[in-house]
Amino acid sequence: ETGFEYAEVVATAETEEGVTYTAHGSAHIDRGDDSYLLLEMADTRAAKRATARATGVGMVAVSELQNEL
């Protein structure tokens, strides 16, 4: 039990051409995120967003769509 309720991470991805993309990811217990995995969830979200922007894939994680389903 850490008592933490929120985590935010910034990730950076760089293309072979040297273009840099930065993205943020967050996790919060009020959104139903697991309190023991806040940092990991925020890190994964930020990394996926930065990678998607850098590669132009534009894919999102299922967890990103929770409010849309």
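Here is what the cut-offs are and how they apply
- Residues numbered from 1 in each chain as written.
- Predicted model: local features only at pLDDT ≥ 70, side-chain atom pairs only at ≥ 80, totals over all residues.
- Heavy atoms only, no water.
- Core = buried A, V, L, I, M, F, W, Y, C linked by side-chain atoms within 4.5 Å.
- Buried < 20%, exposed > 50% of the residue type's maximum accessible area, 1.4 Å probe, protein only.
- Helix = DSSP H or I, 4+ residues; strand = E, 2+ residues; numbered from the N terminus.
- Contact = heavy atoms within 4.5 Å.
- Expected span 1.5 Å × (residues − 1).
- Arc of directions from axis to C-beta.
- Pairing = 2+ DSSP bridges.

**Student:** Explanation requested: the nonpolar core in the structure shown.
**Tutor:** Note on soluble globular proteins: their nonpolar side chains tend to be buried together. Formed by Ala7, Val9, Ala11, Ala13, Ala23, Ala27, Leu38, Ala42, Ala46 and Ala50, the largest nonpolar core amounts to 10 residues. If you list the elements that add at least two residues to this core, you get strand S1 (6-14), strand S2 (20-28) and helix H1 (38-55).

**Student:** Which parts of the structure should I look at to understand the environment of Val10?
**Tutor:** When you line up the elements, Val10 lands in strand S1. Among the residues examined, Val10 registers a relative accessible area of 48% and is labelled partly exposed. Placed 35 residues apart in sequence, Val10 and Arg45 show a C-alpha to C-alpha distance of 9.4 Å. Among all residues touching Val10, those that are not within four sequence positions of it are Thr22, Ala23 and His24.

**Student:** Looking at this model, I keep getting lost on H1. Mind explaining?
**Tutor:** The α-helix advances 3.6 residues per turn, and as a result positions three or four apart in sequence lie on the same side. Between its first and last C-alpha atoms H1 spans 26 Å; for 18 residues at 1.5 Å apiece the expected length is 26 Å, and the two agree. What H1 keeps buried is the set Leu38, Ala42, Arg45, Ala46, Ala50 and Ala52. All buried residues of H1 project into a common sector of 160° when viewed along the axis, lining one side. Turning to H1, the residues buried within the fold contact S1 and S2. Of the residues flanking the end of H1, it is Gly56, one or two places downstream, whose phi is positive at about 75°.

**Student:** Mind showing me how you'd approach the pairing of S2 here?
**Tutor:** Look at any regular strand and the pattern is simple: side chains alternate between the two faces of the sheet. As paired strands, S1 and S2 are joined by nine bridges and run antiparallel to one another. In the strand pairing of S2, Ala13 is matched with Tyr21. Linking S1 back to S2 in an antiparallel pair, the connection comprises five residues, with Gly18 at a positive phi of about 90°.

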